[in-house]
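Structural overview
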Amino acid sequence: MSELTLAQYVDLIKNRTVKPLSAHERLYRAFTWGQEKGMFAHLIGMEHILKEFEQRFLLPAAKNYDTRKRLWLFVGPPGSGKSTFVQTLKQVLIEFSKTEEGAIYRLEGCPMQENPLWALPKNERTSIKEEIELTISGTLSPYNQQRLERDYQNDWRHMPVERIELSEQERLGIGTFMPGDWYTQDLSDLVGDIDYAKVTQYGTSSDPRAYRYDGEIQAANQGLLELHEVLKCRHDLLYPFLTLAEQSIYKVSRQAMIFSDLVMIGHSTLSDWRTFAEDERNHSLLKRMSVLFVPYNLNLRQEVEHYKHYIHQDDQDQFAPKALESVAVTAILSRLQYNENRHIYQEIAKLRSAEALPFQKDDGLDGLDTRLIHRVLDRCISRDSTVTAQEILKELRLQIGEDLTIAKASKAWYDHLITCVLNHFETELIHRFETEIINDYQTELNELVEKASQSPELLKQWFGLSNDVIASFQSPQNRFDHLDSEYQKLFQQKLMQNVLQKLNGEDKLRIALAKYLEAIEDGRYSPYFSELIKLVNERYIIHR
């Protein structure tokens, strides 16, 4: 911390070495600075939330519009990223306060991080406004007003000023409030309380020195106050936010109103928000809130990217290529609202083709929790073998069944979605496998056709064809590609039947097949296919 007098601090401001910022201006600049530094990159799938937050909240508030007079509330389902977003904002603001642009100054030793400029008299404020067009709002708290009068004889020039860096751990400019016991938690958690040990020393409980300024509102001054699950609080604990939001002031026991400059951001679940909004007693508070809905991610690429970001690099090879995509598709499907115009298999196709879904009003506000998916990934990582789509969806089904917070009807619906996703992926993978086998085994196909031409009774044995159809069978030059399309399909099925019969009895071959069926990402299926074919050729002659 660097120390100087208030007079020196004012000189730095007048010669434009230092530019004071309000809490909202500072958060806006910290936000843009953090974006340039890539500090929000881990918030995968929240790009639209970041943009909306900047445009609807930060920019108007930084320009001193009414948005700054609101408690900002993030509302969404559990695990949608609300608290992670706020935690990132706090960390970005802390790091920004270490830069010259984000420098913060307070009256030395002030437990409320009070802005030194609030000690300036009216004529000095007018001078600053005329010289550099800086408007100073706010007044000293009774605590610092007393310091100015008693310790400095009302000479503001000699009041010591120090630069601080925000810190959540030290409660400097970062406050965090959580709802506690409904019956024992009181306002002191927010605004501090009388220090009765000092009442006898100073003679009265109204002396500012006999007060503990250790509430979260005081800790957050010139910074950010995070309100965890704010709508779970008792109504009386929310009342200080009325004047704090609208007029930037709050009341403590036996003292005048105290001015505060901070950004208030709360977060809440959708169910708590609906309950709160339906209660008429909360209408005055609702008018002082600006709500940003934070839904679950509905973009497949971003959902898979989020899972990869969650999984350690060393563990990613344990998942077969389509495993993460399969669970991501299931998660997103669970977050959509279905009606007669929506069909599951069509939605799967749209998701996987990167086609933008026509989102409905409540899409993303319900469905599988991201934390539940993380739990599934945790279980899969502990396994020794490669995790396929079938295995990860099996684990998902198990975790859903064991989760007591999911309603019975929802469990049945999620189980149906998992079945649909499995059918989709298995159909696609088997089709791809069949295509590769048929392309690679053209010689064997021709040999099957030649055998059938030489021994027509095989057509009856293999395909159950009638004698009349067998009599009409013709294969010029005994070649597969000269057959009619109906016969080609029959011989392809026979070839696949031979291959799969051989694979069924061999564990190593089944493993190779499973790897191949999963590994159809661009350019990645070939090694698995080569391994599969090598194993087949080592043990069996397919065309027998």
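Presented here is an overview of the structure given in this document.

1. Structural notes on the overall build of the chain
Secondary structure assignment for the chain yields 25 helices and 12 strands. Within the span of the chain, comprising 544 residues, buried residues form 51% of the whole. Restricting the contact set of the chain to residue pairs at least 6 apart, pairs at least 24 apart contribute 73%.

2. Here's the deal with the sheet that holds strand β1 (residues 3-5)
Across the sheet, which stays open at both edges, the 3 strands sit in the order β1-β4-β3 with antiparallel pairing between neighbours. The open sheet has two edge strands with one neighbour each: β1 and β3 (104-107). Ignoring strand direction, the axes of neighbouring strands in this sheet form an average angle of 35°. In this sheet, strand β4 (residues 160-164) lies alongside β1 in antiparallel orientation, the contact comprising 3 bridges. Across the sheet, Thr5 pairs through a bridge with Pro160, a residue of β4.

3. A word on helix α15 (residues 323-334)
Compared with an ideal rise of 1.5 Å per residue, which puts 12 residues at 16 Å, α15 spans 17 Å between its outermost C-alpha atoms and is within 8% of the ideal. Counting buried residues along α15, 12 of its 12 residues qualify, which places the element largely inside the surrounding structure. Residues of α15 that are buried: Ala323, Leu324, Glu325, Ser326, Val327, Ala328, Val329, Thr330, Ala331, Ile332, Leu333 and Ser334.

4. Some details on the packing of α15 against helix α16 (residues 344-352)
The geometry of α15 relative to α16 is characterised by a closest axis approach of 11 Å and an angle of 125° between their N-to-C directions. With respect to α16, the axis of α15 lies oblique. Between α15 and α16 lies a crossing whose hand is right-handed. From α15, Glu325, Val329, Ile332 and Leu333 reach across to α16, where they touch Ile344, Glu347, Ile348, Leu351 and Arg352. Of the residues assigned to the contact of α15 with α16, the class counts are 6 nonpolar, no polar and 3 charged.

5. Thoughts on the sheet that holds strand β2 (residues 71-75)
Hydrogen bonds between backbone atoms are what pair the strands of a sheet, whose relative direction is either parallel or antiparallel. Read across the sheet, 5 strands follow the order β5-β8-β11-β2-β12 without closing on themselves; strand pairing throughout is parallel. At either end of the open sheet lies a strand with only one pairing partner, and these are β5 (174-177) and β12 (289-293). Each neighbouring strand pair of the sheet contributes to a mean axis angle of 20°, computed without reference to strand direction. In this sheet, β12 lies alongside β2 in parallel orientation, the contact comprising 5 bridges. Counted as the bridge partner of Leu71 is Met289 from β12. Most of the contacts of helix α11 (residues 240-247) go to strand β11 (residues 263-268), to which it runs at about 130°, and overall it touches β2, β8 (224-227) and β11.

6. Observations regarding the nonpolar core
Of all hydrophobic cores here, the largest spans 64 residues; its most connected members are Leu6, Tyr9, Leu73, Phe241, Trp273 and Met289. Of all hydrophobic cores here, the second largest spans 37 residues; its members include Phe319, Leu396, Leu417 and Phe425.

7. Section: the side chain of Asn144
Mapped onto the elements, Asn144 comes out in helix α6 (residues 142-152). Ignoring sequence-local partners within four residues, the contact set of Asn144 consists of Leu107, Cys110, Met112, Glu114 and Met159.

8. Examining the packing of aromatic side chains
One pass over the full model with this rule turns up 18 aromatic pairs. Arranged with centres 5.6 Å apart and planes meeting at 55°, the rings of Trp33 and Phe96 form a pair that is tilted. Separated by 63 residues along the polypeptide, Trp33 in helix α2 (residues 23-36) and Phe96 in helix α4 (residues 82-96) bring together distant segments of the chain. Here Trp33 matches Phe96 in class, with each residue buried. Taken together, a centroid distance of 5.6 Å and an interplanar angle of 85° make the contact between Phe53 and Phe74 edge-to-face. Of this pair, Phe53 sits in helix α3 (residues 47-62) while Phe74 sits in strand β2, and the two are 21 residues apart along the sequence. The exposure class of Phe74 is buried, given its relative accessible area of 0%. Here the aromatic cluster, defined as three or more aromatic residues joined through ring pairs, consists of Phe31, Phe40, Phe53, Phe57, Trp72, Phe74 and Phe85.

The rules behind each value
By convention here, each chain's residues receive numbers from 1 onward along its written sequence. In keeping with the predicted nature of the model, local features appear solely for residues at pLDDT of at least 70, side-chain atom pairs appear and are counted solely at 80 or more, and the whole-chain, interface and lining totals rest on all residues. As a convention, hydrogens and water are excluded, and side-chain values are obtained from all of the structure's heavy atoms. Each helix is a run of DSSP H or I of at least 4 residues and each strand a run of E of at least 2, with the numbering of both proceeding from the N terminus. Three labels apply to residues, based on accessible area from a 1.4 Å probe with only protein chains included: buried if under 20% of the type maximum, exposed if over 50%, partly exposed otherwise in between. In what follows, residue pairs with any heavy atoms lying within 4.5 Å of each other are defined as contacts. The pairing criterion is simple: DSSP has to find at least two bridges between the two strands. Working convention: axes come from line fits to C-alpha atoms, limited for helices to the stretch in contact. Angles between N-to-C directions cover 0 to 180 degrees. Take the number of residues in a helix, subtract one, and multiply by 1.5 Å to get its expected span. Angles are sorted into four bins: roughly parallel if under 35 degrees, roughly antiparallel if over 145, roughly perpendicular if 65 to 115, and oblique for all others. Each crossing gets its hand from how the near helix is turned against the far one by less than a right angle, where anticlockwise is left-handed and clockwise is right-handed. Under the grouping applied here, Gly and all other residues not named as nonpolar or charged are polar, the nonpolar ones being Ala, Val, Leu, Ile, Met, Phe, Trp, Tyr, Cys and Pro and the charged ones Asp, Glu, Lys and Arg. For the purposes of this section, nonpolar cores are sets of buried Ala, Val, Leu, Ile, Met, Phe, Trp, Tyr and Cys residues that join through side-chain atoms within 4.5 Å. Each Phe, Tyr or Trp ring (for Trp, its six-membered ring) is paired with any other whose centre lies within 6.5 Å, and the angle between the two planes then decides the class: stacked below 30 degrees, edge-to-face above 60, tilted in between.

Coordinates in, geometry out; function isn't part of it.
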